[in-house]
Amino acid sequence: MSLDQFFATRISRMIASEIRELLKLLDQPDVISFAGGIPDPAMFPAAAFRDAMTRALSDGQQAQSLQYSTSEGYPPLRRWIADHMRGLGIDCDEDNIQITSGSQQALDYLGKLFLSPCDTALVGWPTYLGALGAFNAYEPEFDRLDPNGNRSANDFRAQAEAKGGRVKFAYLSPDFANPTGVTLTRTERENILQLAEDLDCAVIEDAAYQSLRYEGEPVPPILALEYARKGDIEACRTIYCGSFSKTLSPGLRVGWVCAARSVIDRLVLLKQAGDLHTPTLNQVAIAEVAANGFDDHIAALCRHYSHRRDRMLAALERHMPPGVSWTRPEGGMFVWLTLPKGMDGADLLQHALKTERVAFVPGAAFYADGSGRNSMRLNFSSPDPMQIEEGITRLGRVLRDCSTG
Ligand code: PMP
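Note that the coordinates shown come from a computational prediction; the quantities given were computed from them, not determined experimentally.

Caption draft 1: Structural context of the pairing of strand S2 (residues 97-100). On S2, burial covers both faces: Ile97 and Ile99 on one face and Gln98 and Thr100 on the other are all buried. In this structure, S2 lies alongside strand S8 (residues 255-258), joined through four bridges in antiparallel fashion. Paired with glutamine 98 across the strands is valine 257, a residue of S8.

Encoded structure:
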């Protein structure tokens, strides 16, 4: 008996990637993996969460913490986030904040909110794999977002119309992007905003890694640049997606959207229909832990990860053969390698696992059209400095092996 014939057409676009299946096999102790994208669990503020949870479950608090709550989110948490957003240069209040179950849920809801089948989403080439997955369920076309402003709005519009829809939004992660680690300059951000103005579409700003800056001056969020132009968040087309996953805990699944009220009002309806609300206890705990020492915790995280990034960059310098280049991220969790043309990241992964027990994510997974085969993503937040050193040494051997023959 198979129910496959009854599945909706959109499901045919949601296929498990071969790479993901392969990466599931990595939990073997002798494999050094740069394939993950997760925080170092040693840095979780576990004691603070233990205290916060205990308080949230004590007499007098438990009736609230274990109860249903509003779809918009726990008010003290929304207020803390509004304050955090004001610190980033965006004058907003709690009515501009929707709590989501991780920023991944925000991407799903924004896909649902904007995309009819055949509409176009502009995304980076490469971009965050999870965004492609979330948007794909709504049967869009993807076109290549270019922060340098080399393609005109008319060109994008014509392409989208030829596909039977229109451009609904540009999606990007401007700080320490997943997978490239690249940060957009202020000018590039202004270019994206201008393109969105010309196309009259939304901008989805994915700020998952924004707090994790290890060097250099912060660049204002796209929403802050737009706010500076317009002076009123209600007039802004940028929708900012934040997350506590990379800073406090990914397992608690708490993220947020900051946007004009007209967008938030719709997201509340989607949230009601989707999962009613993000778990109350998790929101209460995050609100308390965030309110007590968030900045100190971020500073400690940045010291911890910047050391790992430095180790990875230094090891790459020593061990990569000629013809391989890589990004030098100012924050986040990833370095992106570009290999000589003709090399294939997926083939290399098979070879690397077999011969040297080292793993990474082949780059093609991050391209909407499956191109970019001569690239790979390396994560430096999970492996410790010794593993980074040893793993990059092994990767260097694999690449030298493959370049020579
Ligand atoms: N955006 C980006 C760029 C990410 O890398 C991730 C997680 N890997 C997410 C969003 C989703 O994170 P979460 O749902 O845990 O907030």
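Caption draft 2: Spotlight on the sheet that holds strand S13 (residues 375-379). The antiparallel open sheet is built from four strands, whose spatial order is S9-S10-S13-S12. Here the strands that pair on one side only, and so sit at the sheet edges, are strand S9 (325-326) and strand S12 (361-362).

Caption draft 3: Inspection of the domain arrangement of the protein chain at higher detail. Here the domain parsing of the protein chain yields domain 1 (13-43 + 296-403) and domain 2 (46-292). Counting residues at the interface gives 27 residues for domain 1 and 28 residues for domain 2. Residue assignment for the side of domain 1 that touches domain 2 shows that the elements contributing at least two residues are helix H12 (294-319) and strand S10 (334-338). Counting residues per element, the side of domain 1 that touches domain 2 draws most heavily on H12, at six residues. Looking at the side of domain 1 that touches domain 2 residue by residue, the classes come out as 16 nonpolar, seven polar and four charged.

Caption draft 4: Inspection of the site of the ligand at higher detail. Around the ligand lies a shell of 14 residues, among which Gly102, Ser103, Gln104, Ser243 and Ser245 are the nearest. Counting residues per element, the shell around the ligand draws most heavily on helix H5 (residues 102-114), which supplies three residues. Along the lines of polarity and charge, the residues of the shell around the ligand split into three nonpolar, 10 polar and one charged.

Caption draft 5: Layout of the UniProt feature "domain: Aminotransferase class I/classII large" (unreviewed entry) in the protein chain. Mapped onto the present numbering, the UniProt feature "domain: Aminotransferase class I/classII large" (unreviewed entry) falls on residues 52-395. Each end of residues 52-395 is marked by a C-alpha atom, and these two atoms are 43 Å apart; helix forms 44% of the span and strand 14%.

Caption draft 6: Representation of the packing of helix H8 (residues 186-199) against helix H9 (residues 222-230) in the model. In contact at an axis separation of 10 Å, H8 and H9 are set at 65° when each is read in the N-to-C sense. Taken together, the axis directions place H8 and H9 in an arrangement best described as roughly perpendicular. Two packed elements cross with a definite hand, and for H8 against H9 that hand is right-handed. In this structure, H8 uses Arg189, Glu190, Ile192 and Leu193 to contact H9, whose residues at the interface are Ile222, Leu225 and Glu226. When its residues are assigned to classes, the contact of H8 with H9 shows four nonpolar, no polar and three charged.

Caption draft 7: Layout of the environment of threonine 127. By secondary structure assignment, the location of threonine 127 is in the loop between strand S3 (120-123) and helix H6 (129-136). Between the C-alpha atoms of threonine 127 and methionine 43, which are 84 residues apart in sequence, the distance is 27 Å. When neighbours within four sequence positions are excluded, threonine 127 is seen to be in contact with Leu132 and Phe366.

Caption draft 8: Structural view of the packing of helix H7 (residues 153-162) against H8. It is the contact of H7 with H8, at a shortest axis distance of 9 Å, that shows an interaxial angle of 55°. As far as their axial angle goes, H8 and H7 are oblique. In this structure, the crossing between H7 and H8 has a hand that is right-handed. Of the residues in H8, those touching H7 at Ala153, Phe156 and Arg157 are Leu195, Asp198 and Leu199. Split by residue class, the contact of H7 with H8 holds four nonpolar, no polar and two charged.

Caption draft 9: Here's a closer look at unusual backbone geometry. In this structure, the amide linkage connecting tryptophan 125 to the following residue, proline 126, adopts the cis form with an omega of 15°. Along the chain, proline 126 turns up in the loop between S3 and H6. Along the chain, asparagine 178 connects to proline 179 via a cis peptide bond; the corresponding omega equals 20°. Inspection of the secondary structure assignment puts proline 179 in the loop between strand S5 (167-172) and H8. Despite not being glycine, cysteine 118 has its phi angle at roughly 80°, a positive value. Assignment of secondary structure puts cysteine 118 in the loop between H5 and S3. According to the C-beta neighbour criterion, cysteine 118 is partly exposed, with 13 such atoms within 10 Å. One non-glycine residue, arginine 357, lies in positive phi territory at about 55°. With respect to the helices, strands and loops of the structure, arginine 357 is situated in the loop between helix H13 (345-355) and strand S11 (358-359).

Rules of the game
Residues numbered from 1 in each chain as written. Predicted model: local features only at pLDDT ≥ 70, side-chain atom pairs only at ≥ 80, totals over all residues. Buried ≥ 20, exposed ≤ 12 C-beta atoms within 10 Å, placed from the backbone. Helix = DSSP H or I, 4+ residues; strand = E, 2+ residues; numbered from the N terminus. Pairing = 2+ DSSP bridges. Domains from an automatic or database assignment. Contact = placed C-beta atoms within 7 Å. Nonpolar A, V, L, I, M, F, W, Y, C, P; charged D, E, K, R; others polar. Near = placed C-beta within 6 Å. UniProt positions renumbered as here; feature names shortened; annotations may be inferred. Axes fitted to C-alpha atoms, helices over the stretch in contact; angles between N-to-C directions. Parallel < 35°, antiparallel > 145°, perpendicular 65-115°, else oblique. Left-handed = near helix turned anticlockwise from the far one by under 90°.

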